[in-house]
Amino acid sequence: GAVVSQHPSWVICKSGTSVKIECRSLDFQATTMFWYRQFPKQSLMLMATSNEGSKATYEQGVEKDKFLINHASLTLSTLTVTSAHPEDSSFYICSARDRSTQYFGPGTRLLVL
Amino acid sequence: QKEVEQNSGPLSVPEGAIASLNCTYSDRGSQSFFWYRQYSGKSPELIMFIYSNGDKEDGRFTAQLNKASQYVSLLIRDSQPSDSATYLCAVNSAPTGGGNKLTFGTGTQLKVEL
């Protein structure tokens, strides 16, 4: 199947700093990528849909000014958590769509101190 | 109202048995259906997808779809301890998945016991 990578795999930062997470489709072009967040023992929560060359579509309740998404190319989408706070600590997972199927990256674990 | 429903479990089965995981969905326009497996602390990985009514087999896994009943299931034959994970059902309303997002169920935790 298609391969999606994420970087970094984990990050620890101080409260108030910004963190950028990269999502890449390695062997296919993805016009659409998705960003999810998952808290411990909870289900996946879709944050936003990222479309190459256009603005991301955010789910209700997700602050677009806090979670900045850039989908600059067909193989790269980035999520920047701005002014991170401890409550933003979570497991962030991206996925990329290859034709009809979504493939997930390995996730990025964020811990904000 | 949840759009995709799964029993959260845990579903416990003995090693070697058949595990049956079920999922119902509310959108009658749903066209494509996916099963993902998620190990604790890891991201979901695709097991299989199904578009047409009936059964689709891939190794030890069989997906079953009944659009009239709005029901999709996953059977795991000869269950192994390594199958212990959370299984996520996902539904997409577009015919080939283009343009729309997947709606996920909350997942069923499967435990395969020795």
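Residues numbered from 1 in each chain as written. Chains lettered and ligands numbered in written order. Predicted model: local features only at pLDDT ≥ 70, side-chain atom pairs only at ≥ 80, totals over all residues. Heavy atoms only, no water.

Here we come to the sheet that holds strand 7 (residues 61-66) of chain B. Residues and elements named next belong to chain B. Strands sit in the order 1-3-8-7-6 across an open sheet of five strands; the sheet is antiparallel. With one partner strand each, in any of the chains shown, strand 1 (4-5) and strand 6 (54-58) form the two edges of the open sheet. Bridge count for strand 7 against strand 8 (residues 71-76) is six bridges, and the pairing is antiparallel. Among the inter-strand pairings, Ala63 is bridged to a residue of strand 8, identified as Leu74. (Pairing = 2+ DSSP bridges. Helix = DSSP H or I, 4+ residues; strand = E, 2+ residues; numbered from the N terminus.)

A few words on unusual backbone geometry. A cis amide bond links His7(A) to the next residue, Pro8(A), at an omega of 0°. Looking at the element boundaries, Pro8(A) is found in the loop between strand 1 (4-7) and strand 2 (10-13). For Lys41(A), which is not a glycine, the phi torsion comes out positive at approximately 60°. Position of Lys41(A) among the secondary structure elements: in the loop between strand 4 (32-38) and strand 5 (45-51). Of note in the backbone geometry, Gln70(B) takes a positive phi value of approximately 55° without being a glycine.

Next up on the list: the interface of chain A and chain B. With 20 residues of chain A at the interface, the matching set in chain B holds 20 residues. With both sides pooled, the region where chain A packs onto chain B buries about 1,400 Å², and carbon together with sulfur makes up 54% of that total. Viewed at the interface, chain B and chain A are joined by zero salt bridges. Where chain A touches chain B, the interface holds four residue pairs in polar contact (both at pLDDT 80 or more). For the side of chain A that touches chain B, the secondary structure elements donating two or more residues are strand 4, strand 9 (90-98) and strand 10 (101-104) of chain A. With four residues, strand 10 of chain A is the largest single contributor of residues to the side of chain A that touches chain B. (Contact = heavy atoms within 4.5 Å. Buried area = accessible area lost by both parts, 1.4 Å probe. Salt bridge = Lys/Arg side-chain N within 4 Å of Asp/Glu carboxyl O. Polar contact = N/O pair within 3.5 Å; in protein donor to acceptor, adjacent residues only side chain to side chain.)

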